[in-house]
Amino acid sequence: QVQLVESGGGLVQPGGSLRLSCVASVNRFSISAMGWYRQAPGKQRELVSQIMIGSATNYADSVKGRFTISRDVAKNTVYLQMNSLRPEDTAVYYCNAIWMGLNYWGQGTQVTVSS
């Protein structure tokens, strides 16, 4: 079992920044990939960004150049630095981990971009 605990969401004005954090309860080296998904009201959950065990990353087109995913292996933590936030980034953000071929999810953290 993997437990994921997210933090860092909140209310920010357009153009602002937030950093999300996700701590995993298992050793980072045993996780195939970690990432962030988001779900806005009335929409399907979508991949925002993912970082693989070999440090390769991928991003949704809508966040390229604005969001950066990174990890601290020693702390079993993955981060999502979000800059130049837009109202359309408003959603619940979920941390995801793939461990032993299974998907695990955090409880979600709300990000609201509004003036």
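The structure this text deals with has already been given above.
Everything numeric here is computed off the predicted structure, so don't read it as measured data. (Residues numbered from 1 in each chain as written. Predicted model: local features only at pLDDT ≥ 70, side-chain atom pairs only at ≥ 80, totals over all residues. Heavy atoms only, no water.)

Participant: Help me understand the pattern of salt bridges, please; the structure alone is not making it clear to me.
Facilitator: Once the charged atoms of two side chains with opposite charge are near each other, the side chains can pair. Throughout the structure, instances matching the rule amount to four salt bridges. Salt-bridge contacts for Arg-38 lead to Glu-46; the nearest nitrogen and oxygen are separated by 2.7 Å. Arg-38 sits in the buried class, given a relative accessible area of 7%. In this structure Glu-46 comes out as partly exposed when scored by relative accessible area, which is 36%. When the shortest N-O distance is used, the salt bridge between Lys-64 and Asp-61 registers 3.1 Å. Relative accessible area serves as the criterion here: at 64%, Asp-61 is assigned to the exposed category. Through salt bridges with shared partners, a single ionic network connects Arg-38, Glu-46, Arg-66 and Asp-89. (Salt bridge = Lys/Arg side-chain N within 4 Å of Asp/Glu carboxyl O. Buried < 20%, exposed > 50% of the residue type's maximum accessible area, 1.4 Å probe, protein only.)

Participant: In this structure, what is going on with the nonpolar core? I would like to understand it.
Facilitator: A general tendency of soluble globular proteins is for nonpolar side chains to be buried together. Membership of the largest hydrophobic core comes to 30 residues, with the highest contact counts inside it found for Leu-4, Met-34, Trp-36, Leu-80, Met-82 and Tyr-93. Where this core is concerned, the elements lending two or more residues are strand S3 (18–24), strand S4 (31–39), strand S5 (46–52), strand S7 (67–72), strand S8 (77–82), strand S9 (91–99) and strand S11 (109–113). Here this core gets five residues from one element, more than from any other, and that element is S9. If we ignore the near neighbours within four places in the chain, the residues touching Tyr-93 are Glu-6, Leu-20, Trp-36, Tyr-37, Arg-38, Val-48, Phe-67, Leu-80, Met-82, Gly-108, Thr-109 and Val-111. (Core = buried A, V, L, I, M, F, W, Y, C linked by side-chain atoms within 4.5 Å. Helix = DSSP H or I, 4+ residues; strand = E, 2+ residues; numbered from the N terminus. Contact = heavy atoms within 4.5 Å.)

Participant: Looking at this model, I keep getting lost on the pairing of S5. Mind explaining?
Facilitator: Looking down a regular strand, the side chains alternate between one sheet face and the other. As paired strands, S4 and S5 are joined by six bridges and run antiparallel to one another. Within the sheet, the bridge partner assigned to Trp-36 lies in S5 and is Ser-49. As paired strands, S5 and strand S6 (residues 57–59) are joined by three bridges and run antiparallel to one another. Note that in S6 the partner of Ile-51 across the bridge is Thr-57. Remark: four residues form the turn of the hairpin made by S5 and S6, two consecutive strands paired antiparallel; Ser-55 in that turn has positive phi of roughly 80°. (Pairing = 2+ DSSP bridges.)

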